[in-house]
Amino acid sequence: MEKYCHPPSRTVEITILSGEDLRIDRRSIQKNAFVVVRCDANNFRTTEMDGEGGSYPKWNERLILDLPAHAQAVTLEVHCKTAFGNKVVGTASVPVSDFVGGYVPESYLHFLSYRLRDSRGVRNGIINISVKMKDPAAPQYSFSASASAAEQTTVGVPVGRSDNGVGVVTGVPVWCAYNSRNF
Amino acid sequence: MGNCCSDDAGGRMAVGGTAASHANPNAATSNDAVENFLRSHGYPFSQIELSLSASGLRDRDVFSKSDPMVVIYTKERDGTLVELGRTEVVLNSINPTWITKQTIAFHFEVVQTLVFRVYDVDTQFHNVDVKMLKLDEQQFLGEGTCTLSEIMIRQDRSLTIDLLHREESNRGNHSRNCGKITVHAEESASSKTTIEMILSCSDLEYKDLFSRSDPFLVISKIVEGGAVIPVCKTEVIKNELKPKWNPIFLSIQQVGSKDQGLIIECFNFNSNGKHDLIGKVEKSLADLEKLHRSKQGENLFIPSSVGHGHPLETKVLKSRLFVDKFTESVQHTFLDYLAGGFELNFMVAIDFTASNGNPRLPDSLHYIDPSGRPNAYQRAISEVGEVLKFYDTDKRFPAWGFGARPIDGPVSHCFYLNGSSHYYEVEGIHGIMMAYMSALRNVSLAGPTLFGPVISYAASIASQSLANGGRKYFVLLIITDGVVTDLQETKDAIVKASDLPLSILIVGVGGADFKEMEILDADKGGRLESSTGRVASRDIVQFVPLRDVHGGQVSVVQALLAELPTQFLTYMRTRDIKPNV
C-alpha cells in the first residue's frame, strides 16, 4: 500500500445515515437520538435529533469536518435526549484507514457500518454512515474513476431527508447522467 | 435475502420490492408464506419484448416472393424445444419486418437459448390462424440460434444472426446461408417504473401480553378468481404502536397496474410464525396516492369472526394507515446497466486442502473421471461460469487455488491456478477447467482452509478496477469442501469487501457439516461483524451446499445466481451510479 502525503488537514464529508436497534438499559429508545461525530476533542459536529424513527432512527444528515493529518480515527457517539437528560447510547470508532488509502479512488463514496458499544462495552445497535473525502484544495490527482464526481465547489448542502435511507446524492459518476433513455 | 434455500431464517426482514437497500437483517426464525413465495420468485425479473426482422431470405415461391413467418422457441437444458409463439405471416417479402412481438421473462441465472425458425407459409393457408398452422406443411427457410443474454448485453439490444438450413438429404450435412434474422429486445416499461412509498400507522392495538405489538405490513394483490398473492413485506418494528416503516419499493410490473386492488395487512410479529392480524385496508396504488395527497389516514378494519370478507361483517378500527410518501420514478434496471457497458467479472477460487482426498482415487472430490463425468468442482465452475461468461467481455477469468503446496513451495493460500507466477487470468471457462486439471497434477494437497487471502486478493482487484475507472462488478466463486479455519479473518475480509463492487458465492461440496459456513451468509445469521467492530454495510455472500445432482432441475448453484442482479443494483443505486446508456 502506498503512503499518502497528507496536507496538514483535509476535509471529510460524513453522512450519518441511520441507526439500528438502539437501546438504553435494554429498552428500545423512543425518539430524540442524535449523533456527535468527533475528529478530536474540539473538532466535532452534531446531527439533528431524530423525531420519529424510534430505535431505528434515520438522520441522513451530511456533516463536513476537518480531518487532522494525524487523526487515526473518527468517533461516532449516539446520544439520546430523555426526560433524565442526555444519555450516551453507544459509541463506535471509525479508523481513518477504512476510507483513506488502498487502491480505491480518493473521493470514492464509502458506505460503512459499525457496531455501537455502550459505556460498559456492551454491544448496542449498529450505525450506518457514508464517508467521502473532499478533494484537497489543489486538485492534483488524476483519477478518472467512475464514482469520483469532481465537485470541489459544493460544500455543505444539507442532504434533505433522502428517500431510500441511503441515498446521498453526491458522487454522481462523471460520465454525466441523462436518466431519460427509457421507453 | 436468500433465494435458494427454503429454510426459515430472516423472518423479520423486509422482502420484495425492488431496492431494499440497508434493510435490517435481524436474525429471527419464522416460517412465512410470503417469504417462501418471494424467494421462489426471486429477483423481480424483467419482461422482454422481442421484435424480429429478416433480410435476404430464400425465395421459394415460383410466381412471387416468400411469405415468411417466424416460430420462436426456447431450448431447455435437455435440448428439447418449447414453442414460445409465432409471428404473423408477412406477404410477399424476402426482407420482412414482423409486427407481432414476443414477450419473454429474462432470467439472469439461467442461459436462455432462443431458436428462431423461419417458414414460408403457402398461399392456401393464408386464411388460417397462424397458431393452427402445421409446420411440416410449410416450407422451412432456415433457423437461427442465440442466447437472450447475448442480445441484452448489446448497447443497441439488437443481434443479427445467420439463418442456417441443414440439408439432410443428398448434399450431406451441409449448412447453407439462408439470409439473416435480426432480433431486437426491449425491456417493457412496466419493469422500470417503481413506486416508492413510506407507510406508517397510528393507534395500533395491543396484541402482545406484556408489551406493545411488533408490527409489520404485508402488501398483496388480488388476482382473478380472488386469489391473493403477496408482493412485498416490510421489516418488523419492535414494540411500537405508531410504526413508520422503511420505504417500500414496488415496481408496477409486480403489482400489475396502479388500479390493481391491493390488500395491505398489518400483522403483529410472532416468533412462532403465527402472526396475528392487527387490521387491514384494501386500496389500489392510485387510492394510496390520493391518500398521500390528502394527508388523511385510512382506518384499518378487521373481519369479524362470523363469515368472511363481506363488508357488513367487518369491524372498523381506530387504527389508521398513513401514506407519508408516494413517489413514482423510473429506475434503471439491471439490464439498463448491462446495455450501458457495465460488466460482471467472474473470478474463481478452488479448495485444494487434503480433506478432499487423493485426486488419483475415485472417492476423492477432486477425482477426474476418465468417462468425462464432471466432479463437484467442475460442475460448480461450469454452472456458474456458463451463465456469467456472457456478462464478461474479455472472458479472461482470474483463477486461484488455496490450501496446497505448489511444486517446491510452502503451503499457499492463494496461488495462481494456471501455475504461472505472473498472471492469474485464464481464457474462458475451458481455460479454468484446463488450469484446474493441471493444478491437480502439480500441487500437493495440504491445509488448513483459509479464505481470507483469496477474498482480499479479489477485493484488491475490485478496488484497482475502481481506481482505473472500470465499470465492473466482480463475482468471486469459492468452492470448498470444508469449514474455514480462519473464520474471523474471513469475516474481516468480507466486511471490508462489502464496500466494494464485489459479491461472493460460496459453494460447499462433499459431505462436511457446513453449519458454521452459514454464519458468513447474512441471510442466515446476523450482519457480519469484523474484529474491529466494523459491520458489513450490505450482504455480499451467498452460501449453498451442493449435495445431490438433481437432473433437469434448476440447480442450487443457479438459484444462487438469481440474487446477483439485486446485489449489483444495491451497490449501484446507493452510490447513485447511472448506467449512462
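Residues numbered from 1 in each chain as written. Chains lettered and ligands numbered in written order. Predicted model: local features only at pLDDT ≥ 70, side-chain atom pairs only at ≥ 80, totals over all residues. Heavy atoms only, no water.

- Taking an unreviewed UniProt entry as the reference, chain B is identified by name as Protein BONZAI 1 belonging to Morus notabilis.
- Per UniProt, the comment on chain B under Subcellular location (unreviewed entry) is "Cell membrane".
- Check the Sequence similarities (unreviewed entry) section of the UniProt entry for chain B; it says "Belongs to the copine family." (UniProt positions renumbered as here; feature names shortened; annotations may be inferred.)

- The name given to chain A in an unreviewed UniProt entry is BON1-associated protein 2, and the organism recorded there is Morus notabilis.

1. Some points on the side chain of Glu-187 of chain B
Residue and element names in this part refer to chain B.
- Within the secondary structure layout, Glu-187 lies in strand 9 (residues 174–187).
- A distance of 2.9 Å separates the side chain of Glu-187 from the side chain of Thr-333, its partner in a polar contact.
- Not counting residues up to four positions away in its chain, the partners in contact with Glu-187 are Ser-46, Gln-47, Ile-48, Arg-157, Lys-192, Thr-333, Leu-335 and Asp-336. (Helix = DSSP H or I, 4+ residues; strand = E, 2+ residues; numbered from the N terminus. Polar contact = N/O pair within 3.5 Å; in protein donor to acceptor, adjacent residues only side chain to side chain. Contact = heavy atoms within 4.5 Å.)

2. As for unusual backbone geometry
Residue and element names in this part refer to chain B.
- The omega torsion of the bond from Gly-447 to Pro-448 falls at -5°, within 30 degrees of zero and hence cis.
- Backbone geometry places Asp-203, a non-glycine residue, at a positive phi of 50°.
- By the secondary structure assignment, Asp-203 is in the loop between strand 10 (193–202) and strand 11 (215–222).
- Phi at Lys-295 takes a positive value of approximately 60°, unusual for a residue other than glycine.

3. Concerning helix 4 (residues 285–294) of chain B
- Taken as a whole, helix 4 of chain B has its buried residues at Leu-285, Ala-286, Leu-288, Glu-289 and Leu-291 of chain B.
- Positive phi appears at Lys-295 of chain B, one or two residues downstream of helix 4 of chain B, with a value of about 60°. (Buried < 20%, exposed > 50% of the residue type's maximum accessible area, 1.4 Å probe, protein only.)

4. Things to note about the environment of Ile-264 of chain B
Residues and elements named next belong to chain B.
- Within the secondary structure layout, Ile-264 lies in strand 14 (residues 261–268).
- With a relative accessible area of 2%, Ile-264 lands in the buried category.
- The spatial distance from the C-alpha of Ile-264 to the C-alpha of Ser-444 is 60 Å, given a sequence separation of 180 residues.
- When near neighbours in sequence (up to four residues on either side) are disregarded, Ile-264 contacts Leu-217, Val-218, Ile-219, Gly-279, Lys-280, Val-281, Leu-288 and Leu-321.

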